[in-house]
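Single-letter residue listing:
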Amino acid sequence: MAEPQERDAWIALASTPGVGDETTARLLARFGSAREVLAGAADGRVDAWRAEVRKSEGRPPITGKALGELRRTASAPALRLRDIEQMGLSTMTALDADYPRRLRDLDPPPAVINIMGDAQILFRPRLVAVVGTRRPTPAGRLLATRIVRRLVECGVTIVSGLAVGIDGAAHAATLEAGGRTVAVIGGGHRHPSVRAHERLRAGIIATGGAIISEHPPDTVPRLGTFPRRNRIIAALGDATVVIEAPRRSGALITANRALELERPVFVAPGRVGDWATAGALALLRETPARPLVGLDELIEDLGYFAAGPERADQRAAPAKGAVAAPGNSDVAPALAMLGETERTVATRLVAGPAGLDSLVADTGLAPAVVSSAVTMLLMRGWVQPAGPAYIVAGPLAR
Amino acid sequence: MLATLVTAVINGLRGELVRVEIDVAPGLPACHIVGLPDAALSEARERVRGAIRNAGFDYPASRITVNLAPADIRKRGAAYDLAIAVGILVASRQIRRGNGSWALLGELSLSGTVEAVPGVLPMVATLARQGYRRVVVPHANEAEARLVNGVEAIGVEGLDDAARLVAGPRGRTAGRAARRPAVELSRPSVPPPTTGRPSSSALTAPLEPVDLADIRGQQHARWALEVALAGGHNLLLVGPPGAGKTLLARTIPGLLPPLDDDEALEVTVIASVAGELRDDGLRRDRPFRAPHHTSSYVALVGGGPQLLPGEATRAHRGVLFLDELAEFDRPALDALREPLEEGILTIARAHGRVRYPARFQLVAAMNPCRCGNFGDPQRRCRCSTGEPERYVRRVSGPLLDRFDMQIAMARLPPAQLLDDARLETSAVVRERICKARAVALVRNVGRANAHLPAAAVQELCALTPAAGRALADWAERNHASGRSIHRVMRVARTIADLAATVQVDVADILAAAQLRDPQANPDERLAA
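These numbers were taken from a predicted model, which means no experiment stands behind them.

Calculation rules
- Residues numbered from 1 in each chain as written.
- Chains lettered and ligands numbered in written order.
- Predicted model: local features only at pLDDT ≥ 70, side-chain atom pairs only at ≥ 80, totals over all residues.
- Heavy atoms only, no water.
- Helix = DSSP H or I, 4+ residues; strand = E, 2+ residues; numbered from the N terminus.
- Buried < 20%, exposed > 50% of the residue type's maximum accessible area, 1.4 Å probe, protein only.
- Contact = heavy atoms within 4.5 Å.
- Areas by Shrake-Rupley, 256 points an atom, 1.4 Å probe, with all protein chains shown as cover.
- Lys, Arg positive; Asp, Glu negative; His and termini not counted.
- Charge placed at Lys NZ, Arg CZ, Asp CG, Glu CD.
- Core = buried A, V, L, I, M, F, W, Y, C linked by side-chain atoms within 4.5 Å.
- Domains from an automatic or database assignment.
- Axes fitted to C-alpha atoms, helices over the stretch in contact; angles between N-to-C directions.
- Parallel < 35°, antiparallel > 145°, perpendicular 65-115°, else oblique.
- Left-handed = near helix turned anticlockwise from the far one by under 90°.
- Pairing = 2+ DSSP bridges.
- Phe/Tyr/Trp six-rings, centres within 6.5 Å; stacked < 30°, edge-to-face > 60°.
- Lys NZ or Arg CZ within 6 Å of the ring centre and 35° of its normal.
- Salt bridge = Lys/Arg side-chain N within 4 Å of Asp/Glu carboxyl O.
- Polar contact = N/O pair within 3.5 Å; in protein donor to acceptor, adjacent residues only side chain to side chain.
- Nonpolar A, V, L, I, M, F, W, Y, C, P; charged D, E, K, R; others polar.
- pLDDT = per-residue confidence, 0-100.

Visitor: Mind showing me how you'd approach the overall build of chain B here?
Guide: Along chain B, the regular secondary structure elements total 22 helices and 18 strands. Expressed as lengths along the three principal axes of its C-alpha atoms, the size of chain B is roughly 85 × 50 × 45 Å. Expressed as a percentage of the 528 residues in chain B, the buried residues total 52%. Sequence separation of 24 or more characterises 75% of the internal contacts of chain B that already satisfy a separation of 6 or more. If you sum the accessible surface of chain B, you get close to 23300 Å²; carbon and sulfur atoms cover 52% of it. Put simply, chain B has 66 plus and 58 minus side-chain charges, and the middle of one group is 5 Å from the middle of the other.

Right, here's the structure in full:
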């Protein structure tokens, strides 16, 4: 580990608003150490260097505003640190020997990572990133839940971005399955994510997970901070799974970063023409990302083997019309427990999400019968609402 | 000479007796109307003078004083014209009063013809209660006036007809007493169609009725509509544009059971006061009102200078259909909460206060968000983050809570849309609805299932023991309030009535729980 003073200066430097990884790297290359940078900011050497670089390259290496902040840091570095302490965060720096190996693959690696929760989680084996759109379809949400549940059974820690949509579904499914999860947020810890995820955040911490950020606690997330955050998600995951990504989705950025890091990327394909998966299909066409064809195949490709029973041999036939319906293998015993009409409705839902009208049309049952069957399944917890449709849950979602 | 006659005024939906005293005395020619007249009534002076002259009588060159008593009631409208004119003729000795005793209602035109006025039915009913058995009404209002028992209502076309009636067969009508023909400069070159009612204002233009058999798919929503209409339950349809919400609502007129006698009279009285009753007599069709979402507060709730009934009252005993619920004025929507609960609307203004009945069934349709695609797997929602939430928040929680049934509708897949299989016709479904309603009315002593009082729900819903357990189980899992438990029981009762079973069973309870679809509840939907 670096000597304490240099480490503190390093954290203070990285916590300076406007001073990002690139600027930090250049400053360090010029001045040698974080302490020297701060000293230089105080005595004007940084100003001189800035003018010099501007002359030779035509562009200053650091904005005037950031330079002002840097001077403020130099005059009272402790102030920058105090904020992190007050939030009860632990901090890792790229100087530390025990810095997550996965993040070192980034160039440059994030100078500082602030962690709420268990920092050791970043060192666990089997981290997989599960990302996707903020506006998933019921099918996408269901797929995320299924994949996460299966991964957790194999001892995987799920990494995602704590956004609404697939991210949230992935975190929530992890907690539900008794797993641990890492949330990489786009702002500081004082601005963690949408209000709707308040309970989810508490759950992540309570179950031994972590919420991490490269920003000091006060940073307000902006449009630009999210793409940067995605490189951390990509680096933390040994593999990345993309569930649904429209064109220009942030999930595509995560996937591309993962591919740059030569990490495997699995993309759930969609129907041609669906907006929700247009970006995912483009990814499959234009990059070496691999299609996700089933849960068993995913586990096999990852080389992870479940602690539970072997499943590969009892895979169900792919359901009609379902998009990449991964292994509905274990639902038969659950279905057998149901009454006749409930079973008919449940069987239809196992094949894919459906609204009430589709259920009536597809099962041929009377609307009154379908309605009471759905209520029954809802009460059992075997079906859950997702947007305008219903999806299977509990023992039916295997 | 002094002449007195009787006419009536509308106050809310009730008529009130008004005495008209006319004094024709020597003096400078003038006409004064006293007794709280409004603007339309003050102008009666001019109409009456023109009408008397052009009907062939003489307008007396004397001092005419018209007093309307009682003086504390505000007199509105032009229904007194006829009484004033006839009174002047009698007071100026141009006609002599015959044996009969007449009350008179009607507006005059300058040519002396008698024009229709709104509210004839309740006004005649009031006159009858007060012992007036013979009433002269405008010809166009004759049919509705005759709905009142024990009254001889005679429709007249002109002031001269009215004068002859009052004078009696042996009475004297003075002077030339012949109508002066008007010089008609504008006249239609083809005769106007005589059949059919004149259509109401553009805001309330009736929707073309649609038969259920013409609607493809949407079997769940069709069934839900059937349950709603059979039990009088308020229904909310939520779905993207093109899902068929409006089309489904347009089948409602063809599915509603006819009005019974008492209801028909109530509905006819309202139509009469609203000025929507013309040549037709008793209204037997349940009202179906579909005001546009730009309708103002007053249009929806009622009010204005004349304190007229709004759409909510005009939909009394029928269905008020609000398409694009979230686009309506929020204060106007919230004003509907009271009538939804009480069946009565009280309109209080500085110049008066009226109570209108408004026991309507509310059927509403709305999109899940501004662009309509929220939650649709095929089409992308173009709303920004948080916008769908703001959109549904425009309908207040308490109003949403008044919907017993909330249904999510989705766009039909093209294959179903082109499917030729014809489903049941409106006539078949209507028969089931009528039967279920009849059964419920007998059991509930005249109430629809939706209006069962909380105290009677337990007894009248007659749950089987198993159904009771299922309901308790459901309530516990969903943290259901007492109100929502009762709601499920009422809807379950209707489902059982449609199946013609005496007791409510487990399947009915579960199906009823589903009809308040959490998927359709915009609040819960957003949380998912």
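The rest of the description comes next.
Visitor: Just checking my understanding: could you explain the overall build of chain A for this structure?
Guide: The helix and strand tally for chain A stands at 18 helices and eleven strands. With respect to the three principal axes, the spread of C-alpha positions in chain A is 80 × 40 × 35 Å. Considering chain A as a whole, with its 398 residues, one finds that 55% of them fall into the buried category. Per element, the accessible surface of chain A, about 16700 Å² overall, is 52% carbon and sulfur. Looking at chain A, you have 48 positive and 41 negative side-chain charges, and the mean spots of the two groups are 4 Å apart.

Visitor: Any chance you could explain the nonpolar core here in plain terms?
Guide: It is characteristic of soluble globular proteins that their nonpolar side chains tend to be buried jointly. Residues and elements named next belong to chain A. If you look at the biggest cluster of nonpolar residues, it comprises 62 residues, and the most contacted ones within it are Leu27, Leu70, Ile212, Leu236 and Val242. For this core, the two domains that each supply at least three residues are domain 1 (4-78) and domain 2 (116-302). Discounting chain neighbours no more than four positions away, the residues touching Val242 are Val131, Ala251, Ala255, Val265, Phe266, Val267, Ala268 and Leu283.

Visitor: Help me out: how do you make sense of the packing of helix α20 (residues 482-498) of chain B against helix α21 (residues 506-515) of chain B in this one?
Guide: A packed helix pair is summarised by two numbers, namely the angle formed by the two axes and the spacing between the axes. Residue and element names in this part refer to chain B. At a closest axis distance of 8 Å, the pairing of α20 and α21 adopts a crossing angle of 120°. Accordingly, the angle class assigned to the pair α20 and α21 is oblique. The chirality of how α20 crosses α21 is right-handed. On the side of α20, the interface is formed by Val488, Val491, Ala492, Ile495 and Ala496, while α21 contributes Asp508, Ile509, Ala511, Ala512, Ala513 and Leu515.

Visitor: Looking at this structure, how should I read the sheet that holds strand β2 (residues 112-117) of chain A?
Guide: For sheets, the rule is that strands pair by backbone hydrogen bonds, running either parallel or antiparallel. Residues and elements named next belong to chain A. Read across the open sheet, the nine strands follow the order β1-β2-β6-β5-β4-β3-β7-β8-β9; overall the sheet is mixed. Every other strand in the sheet has two partners, leaving β1 (90-93) and β9 (290-291) as the edge strands with one partner each. Lying on the sheet, helix α12 (residues 250-260) is in contact with β3 (127-131), β7 (239-242) and β8 (265-267); it crosses β7 at an angle near 155°.

Visitor: Whenever I open this one, the packing of aromatic side chains confuses me. Can you help?
Guide: The geometry of two aromatic rings is summed up by the distance between their centres and the angle between their planes. All names here are of chain A. By the definition in use, this model includes two aromatic pairs over all chains. With a centroid separation of 6.1 Å and 80° between ring planes, the pair formed by Phe31 and Trp49 is classed as edge-to-face. Placement of the pair is Phe31 in helix α2 (residues 21-31) and Trp49 in helix α4 (residues 45-57), with a sequence separation of 18 residues. A residue is classified by how much of its surface remains accessible, and Trp49, at 5% relative accessible area, is buried. The aromatic ring of Phe226 is capped on one face by Arg134, whose charged end is 5.4 Å from the ring centroid. For Arg380, the ring lying beneath its charged end belongs to Trp382, and the centroid distance is 4.9 Å.

Visitor: How should the interface of chain B and chain A be read in this particular structure?
Guide: Interface extent is often summarised as the accessible area lost during association of the parts. In this complex, chain B contributes 32 residues to the contact, which on the side of chain A involves 27 residues. Here chain B is connected to chain A by zero salt bridges. Taken together, chain B and chain A are joined by six residue pairs in polar contact (both at pLDDT 80 or more). Of all elements in the fold, only α7 (219-231), α19 (465-477) and α21 of chain B reach the threshold of two or more residues within the side of chain B that touches chain A. Here the element with the most residues in the side of chain B that touches chain A is α21(B); it accounts for five residues. Looking at side-chain class alone, the side of chain B that touches chain A contains 13 nonpolar, eleven polar and eight charged residues.

Visitor: What is the right way to look at unusual backbone geometry in this model?
Guide: Excluding glycine, most residues fall at negative phi; most peptide bonds, likewise, are trans. The omega angle of the peptide bond from Asp107(A) to Pro108(A) is -5°, so this bond is cis rather than trans. Each neighbour pair has its own omega, and for Ala69(B) with Pro70(B) the value is 0°, a cis peptide bond. Relative to the helices and strands, Pro70(B) resides in the loop between β4 (63-69) and α3 (81-91). For Arg248(A), which is not glycine, the phi torsion reads 65° and is therefore positive. In this model, Arg317(B) sits at a positive phi of 70°, which is unusual for a non-glycine residue. Given a relative accessible area of 26%, Arg317(B) falls into the partly exposed group.

Visitor: Looking at this model, I keep getting lost on the sheet that holds strand β11 (residues 288-289) of chain B. Mind explaining?
Guide: All names here are of chain B. Spatially, β11-β14-β17-β10-β18 is the arrangement adopted by the five strands of the open sheet, whose pairing is parallel. In this open sheet, the two edge strands, each paired with only one partner strand, are β11 and β18 (405-408). Two strands pair when backbone bridges link them, and strand β10 (residues 235-238) and β18 are joined in this way by four bridges, in the parallel orientation. Across the sheet, the residue bridging to Leu236 is Gln406, located in β18.

Visitor: Help me understand the packing of helix α11 (residues 225-236) of chain A against α12(A) in this model?
Guide: Residue and element names in this part refer to chain A. For the pair α11 and α12, the least separation of the axes is 8 Å and the interaxial angle reads 45°. In terms of orientation, α11 and α12 fall into the oblique class. Relative to α12, α11 is oriented so that their crossing is right-handed. In this structure, α11 uses Pro227, Asn230, Arg231, Ile233 and Ala234 to contact α12, whose residues at the interface are Gly250, Ile253, Thr254, Arg257 and Ala258. Its residues assigned to classes, the contact of α11 with α12 comprises five nonpolar, three polar and two charged.

Visitor: Please explain the side chain of Thr375(A) as it appears in this structure.
Guide: In this structure, Thr375(A) sits in helix α18 (residues 367-380). Note on Thr375(A): relative accessible area 3%, which makes it buried. Here the side chain of Thr375(A) touches Ser371(A) through a polar contact of 2.9 Å, landing on its backbone oxygen. Filtering out sequence-adjacent residues up to four positions away, Thr375(A) remains in contact with Trp474(B), Leu510(B), Ala513(B) and Gln514(B).

Visitor: How should the confidence of the model for chain A be read in this particular structure?
Guide: Interpreting fine coordinate detail is not advised for predicted regions of low pLDDT. Of all residues in chain A, 92% have pLDDT values of 70 or greater, and the mean over the chain is 85. In the model, residues 307-327 of chain A has pLDDT below 50 throughout and makes 29 contacts with residues more than four positions away in sequence or in other chains.

Visitor: Teacher, can you tell me more about the environment of Arg380(A) here?
Guide: The topology assignment puts Arg380(A) in helix α18. When sequence neighbours within four positions are dropped, the list of residues in contact with Arg380(A) reads Met337(A), Leu338(A) and Arg477(B).

Visitor: Sorry, what's going on with the pattern of salt bridges here?
Guide: A pair can form between side chains of opposite charge whenever their charged atoms are brought close. For the structure shown, the criterion picks out 44 salt bridges over all chains. We note a salt bridge from Asp274(A) to Arg271(A), for which the minimum N-O separation is 3.5 Å. In this structure Arg271(A) comes out as partly exposed when scored by relative accessible area, which is 46%. A salt bridge links Arg164(B) to Asp161(B); its shortest N-O distance comes to 3.2 Å. Placement of both Arg164(B) and Asp161(B) in helix α6 (residues 159-167) is noted, with a separation of three residues, approximately one turn of the helix. When its relative accessible area of 43% is taken as the criterion, Arg164(B) is described as partly exposed. According to the relative accessible area criterion, Asp161(B) is partly exposed, its value standing at 23%. When salt bridges that share partners are traced, they join Glu276(B), Arg289(B), Glu311(B) and Arg314(B) into one network.

Visitor: Explanation requested: the environment of Ala276(A) in the structure shown.
Guide: Residues and elements named next belong to chain A. Locating Ala276 in the fold gives a position in the loop between β8 and α13 (278-286). Take Ala276: its relative accessible area is 3%, and that puts it in the buried class. Separated by 61 residues in sequence, Ala276 and Met337 place their C-alpha atoms 35 Å apart. Discounting chain neighbours no more than four positions away, the residues touching Ala276 are Thr137, Glu244, Ala245 and Pro246.

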